[in-house]
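# Remarks on the overall topology
Below are the chains, spelled out letter by letter.
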Amino acid sequence: MFIRKRIQVPINTEYSYRDGALACEGVSLYDLAEQVGTPFYCYSASLIQRQYRLFADAVAAMGGGKICYAVKANSNLAVIATLSGLGAGADVVSEGEARRALAAGVKPGDIVFSGVGKTERELIFAVEHGIGQVNLESERDLEILSAVAAARGVTMRVGIRVNPDIDAGTHAKISTGKAENKFGIDIGRAPAVFARAATLPGIDPAAVAVHIGSQLLDMTPYEGAFKRVGSLVRQLREGGISIRHLDLGGGIGVPYRGEAKPDLADYVGIIARTVGDLGCDLTFEPGRFLVAEAGVLVSRVIDVKRGATKTFLVQDAAMTELIRPTLYEAYHPILPVEQAQSSALEIVDVVGPVCETGDFLATDRALTPLRPGALIAITMAGAYGAVMGSTYNTRPLPPEILVSGATWSVIRERQSLEALIGLDRIPAWLERRGID
Ligand code: LLP
């Protein structure tokens, strides 16, 4: 089916058509594809910097706070280094992410170690590397961290992550603040947990942490959550526990579907109203907001397959490169890399070659008609894109490119099939059987 509509236009100034091809800042994605092959991820350093400044300015206007980039959104060392160069700390959820943050130059004291379950090895890592704050979500982790820290003669700053039972109103798979979610300690039980923490050696339970979910465009749910956190802090202080830090998590969304941008002034206004009088140092853990819009996934059309009821644009990228569409019904705007010559649009499903019906990047999408060999950019893919990649169907992980002005650099090599297959071992007893 062909329809006529407005030609799609990029939504950010960092991505624009230059000489007929979509460019990331000063670098043509067409040229990049020639050089590095497809599929690949490309990130704009300037867009990451712009988003960071937007966030940092909003926080500064409210009196300041520490921004610890949630590394899980995009943990490439160069991306972390871009943000830490601007003054960001890091929010990490595993030893691996902590090592990445340290390797990218983040100071240990500027790292918050969050996460729903930590192994003893990870807690030892946090203690031995002087991680600034460990956010705990269970009494078991609290007891172990206390033992590990006390045995080494150090005291760790601890945040207790509370679950405020607030509906973030986002997709079920990325809402974390409801009572039925696995995250945090029920806010009603928090005073007892803090009281226990206060008796343990090696622990300074100085922080309350909260994160209600991800991709919030409406700031209202924060109001309810932060109000509850504020009441908890007052209650704890009355009970003699001196809370000095608040970790307000992340969750600010981006307009994947062209919605209004999140109102950061509204966000910080809510914070000022609900917890501003407590005199606590504030920490923020934005992930998606800082990096989502900066990234595109570039892929090549392998085939245009006309089915009985649908047309499939088969790509060399798949759910293995970007799982968000199939996992969360997520929408990523798609642009042709070569500028469309006409305003004709065709309704297609954009799919990958993986043997799964769920392997799609977009369904029922109006795109300029494309031929095999054409390139597309799946936009707003800088957050939870590359990091959620898999090698299913023995597909190597794609390369990542960082662009700054007219300069670009491969910040992650394409995984080789040799490296991927080479991790496997055939046991000797099987090899022997092969010889018999
Ligand atoms: N802090 C904590 C404790 C978190 O669990 C998260 C995200 C963040 C901060 C950062 O949230 P953000 O600012 O990026 O919304 N894979 C999903 C998103 C999962 C988010 C998990 N936690 C997606 O692709 O939408």
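Conventions used here
The numbering scheme is per chain: residues are counted from 1 as the chain's sequence reads. Totals for whole chains, interfaces and linings use all residues, but because this is a predicted model, local features are given only for residues with pLDDT of at least 70 and pairs of side-chain atoms are given and counted only at 80 or more. Computation of side-chain values: all heavy atoms of the structure, hydrogens and water removed. Numbering of helices and strands runs from the N terminus; a helix is a DSSP stretch of H or I covering at least four residues, while a strand is a stretch of E covering at least two. Here's how the labels work: a residue is buried when its accessible area is under 20% of the maximum for its type, exposed when over 50%, partly exposed in between, all with a 1.4 Å probe on protein chains only. Here a helix's expected span is defined as the number of its residues, less one, multiplied by 1.5 Å. This arc corresponds to the set of directions leading from the helix axis out to the C-beta atoms. Residue contacts are counted whenever heavy atoms from the two residues lie within 4.5 Å of one another. The near set for a molecule or strand comprises every residue that places at least one heavy atom within 4 Å of it. Each polar contact in these results corresponds to two N or O atoms within 3.5 Å; when the atoms are within protein, one needs to be able to donate a hydrogen and the other to accept it, and residues that are neighboring in sequence are counted only if both atoms are side-chain atoms. Only the protein chains shown count as cover for residues, with accessible areas throughout obtained via the Shrake-Rupley method and a probe of 1.4 Å. In this count, Pro and Cys sit with the nonpolar residues alongside Ala, Val, Leu, Ile, Met, Phe, Trp and Tyr, while Asp, Glu, Lys and Arg are called charged and the others, Gly among them, polar. Either an automatic procedure or a domain database provided the assignment from which the domain bounds are taken. A quick way to say it: buried area is the sum, across both parts, of accessible area lost when two parts are put together, with a 1.4 Å probe. By definition here, a salt bridge exists when the distance from a side-chain nitrogen of Lys or Arg to a carboxyl oxygen of Asp or Glu is within 4 Å. Joining through side-chain atoms within 4.5 Å is the link that ties buried Ala, Val, Leu, Ile, Met, Phe, Trp, Tyr and Cys residues into a set, and such a set is a nonpolar core. For two strands to be treated as a pair, DSSP must find no fewer than two bridges joining them.

## Brief notes about unusual backbone geometry
Between Thr38 and Pro39 the backbone carries a cis peptide bond, its omega angle lying at -10°. Relative to the elements of secondary structure, Pro39 occurs in the loop between helix H1 (29–36) and strand E5 (40–44). Phi angles above zero are rare outside glycine, and Asp19 is one such case at about 50°. Mapped onto the secondary structure, Asp19 falls in the loop between strand E2 (15–18) and strand E3 (21–24). Phi is positive for Asn393, close to 65°, though the residue is something other than glycine. Positionally, Asn393 belongs in the loop between strand E20 (375–378) and strand E21 (400–404). Residue Asn393 is classed as partly exposed on the basis of its relative accessible area, which comes to 34%.

## With respect to helix H8 (residues 220–238)
When the terminal C-alpha atoms of H8 are compared, their 28 Å separation across 19 residues agrees well with the 27 Å that a helix rising 1.5 Å per residue should span. Those residues of H8 that sit buried are Pro221, Tyr222, Ala225, Phe226, Val229, Gly230, Leu232, Val233 and Leu236. Angular distribution of buried residues about the axis of H8 spans 165°; they occupy a single face of the element. Among the structural elements, strand E10 (156–163), helix H7 (190–199), strand E12 (203–209), strand E13 (245–247) and helix H9 (264–275) are those in contact with the buried residues of H8. With its phi angle positive at about 90°, Gly240 sits one or two positions after the end of H8.

## Some details on the site of the ligand
Around the ligand there are 18 residues in total, and Ser214, Glu285, Arg288, Arg324 and Tyr384 lie nearest to it. In this structure, an oxygen atom belonging to the ligand sits 2.8 Å away from a main-chain N or O atom of Arg288. One of the side-chain N or O atoms of Tyr384 is found 2.6 Å from an oxygen atom in the ligand. If the ligand stood free it would expose 580 Å²; the protein chains cover 91% of that surface. Of the residues belonging to the shell around the ligand, the class tally is six nonpolar, six polar and six charged. Inspection of the shell around the ligand shows a minimum of three residues originating in each of domain 1 (2–44 + 292–421) and domain 2 (45–290).

## What to know about the domain arrangement of the protein
Domain assignment breaks the protein into domain 1 (2–44 + 292–421) and domain 2 (45–290). Taken residue by residue, the interface counts 29 residues in domain 1 and 25 residues in domain 2. With both sides pooled, the region where domain 1 packs onto domain 2 buries about 2,300 Å², and carbon together with sulfur makes up 52% of that total. A per-residue breakdown of the area domain 1 buries against domain 2 is headed by Glu293, Tyr331 and Tyr384, which together make up 25% of the total. Counting across the interface, domain 1 meets domain 2 through two salt bridges.

## Some words on the nonpolar core
The nonpolar side chains of a soluble globular protein tend to be buried with one another. Residues Leu29, Phe55, Tyr69, Val208, Phe226, Leu246 and Tyr267 are the most contacted members of the largest nonpolar core, which totals 127 residues. Here the element with the most residues in this core is helix H2 (residues 45–61); it accounts for eight residues. When residues are assigned to domains, this core turns out to be shared by domain 1 (2–44 + 292–421) and domain 2 (45–290), each giving three or more. Filtering out sequence-adjacent residues up to four positions away, Leu246 remains in contact with Val208, Val229, Val233, Val275, Leu278, Cys280, Asp281, Leu282 and Thr283.

## Comments concerning the sheet that holds E3
Here we have three strands laid out as an open sheet, ordered E2-E3-E4, and antiparallel in their pairing. With one partner strand each, in any of the chains shown, E2 and strand E4 (27–28) form the two edges of the open sheet. Here E2 pairs with E3 via four bridges, running antiparallel. Within the sheet, the bridge partner assigned to Arg18 lies in E3 and is Ala21.

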